[in-house]
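# Descriptive analysis of the structure
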Amino acid sequence: MTLELGVNIDHIATLRQARGTIYPDLLQAMRLVEEAGAQAITIHLREDRRHIQDADVYAIRQHCQRRLNLELAATDEMVAIACDVSPSDACVVPEKREELTTEGGLDIIGLFDRVKKSTQTLKQAGIRVSLFIEPDIEQIKRVPDIGAPVIELHTGTYANAIGDDKKREFDRILKASEVADELGIQVNAGHGLDYENTQIIAAIPQIRELNIGHSMVSRAVFVGIKEATVEMLELLRKARI
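Quick summary incoming for the structure in this document. Nothing here was measured: the structure is a model prediction, and the numbers come from that model. (Residues numbered from 1 in each chain as written. Predicted model: local features only at pLDDT ≥ 70, side-chain atom pairs only at ≥ 80, totals over all residues. Heavy atoms only, no water.)

## Considering the nonpolar core
The biggest cluster of nonpolar side chains holds 72 residues, and the ones touching the most others in it are Ile9, Ile60, Leu131, Ile201 and Leu210. The dominant element in this core, judged by the number of residues it contributes, is helix H11 (residues 225-239), at seven residues. Sequence-distant contacts of Ile9, that is, excluding residues within four places in its chain, are made with Leu26, Met30, Val33, Ile41, Thr42, Ile43 and Ile60. (Core = buried A, V, L, I, M, F, W, Y, C linked by side-chain atoms within 4.5 Å. Buried < 20%, exposed > 50% of the residue type's maximum accessible area, 1.4 Å probe, protein only. Helix = DSSP H or I, 4+ residues; strand = E, 2+ residues; numbered from the N terminus. Contact = heavy atoms within 4.5 Å.)

So, in structure tokens, the structure goes:
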């Protein structure tokens, strides 16, 4: 089974917003990523609009030639925007204004009613819904009750761990992937993945897509976003040989 790559271009916008300029051009970045062969473009419209802006979402949706995966919080505002934009996919994520980046998975047990409401509204708009959650079996077991066909496993804890903790976190991701697959849920994964730690995750056969951003934009400083995408796609390909 081919492993797909979604490239998160949020931090292209972070660079632009640092000076309030019109460059770097998100659409140019998107086109180069698509030319390199990535299967999806991922963007996160945060409530504080720290990088991606509303206009970016509409422009990218209009010109995107691959799947558009829109990450969003489970709020009425964000769900309404997603329904208006109509991306291919919407990934519901937790969000805190003070965090530098998404710090963990969505607690779908504690936020069950809110997440289910958002999921059902997005599905009625014809959008495939993914839930960004921890590799936790109890959380995964509640996904069918919410009605989302896809989960994205949070790999940030694995990415930051060292030694025995890293092996333990990998085993959690592996087991979670197996359980979700048995339940008929598509398994994606992402967060904190880079050119050193991705291949072992990419080799998990149940995982269908990886969403990667910061490390690829960082690599692009030296080789360009197209080459950075080509290099990551090659890592994914080798992981499935």
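## Some words on helix H10 (residues 214-223)
Here H10 has its buried residues at Ser215, Met216, Val217 and Ala220. Packing partners of the buried residues in H10 comprise strand S1 (4-8), helix H1 (10-19), strand S8 (207-212) and H11. Backbone geometry just downstream of H10 places Gly224 in the positive-phi region, at approximately 90°.

## Overview of the pattern of salt bridges
A full pass over the atoms with the stated rule returns 17 salt bridges. For the salt bridge of Arg67 with Glu209, the shortest nitrogen-to-oxygen distance reads 2.4 Å. Of the two residues, Arg67 sits in strand S3 (residues 67-72) while Glu209 sits in strand S8, which places them 142 residues apart along the sequence. Accessibility classification places Arg67 together with Glu209 in one group, the buried group. Members of the salt-bridge network, linked through shared partners, are Glu4, Arg67, Asp89, Arg128 and Glu209. (Salt bridge = Lys/Arg side-chain N within 4 Å of Asp/Glu carboxyl O.)

Shape is all these values report; function is a separate question.
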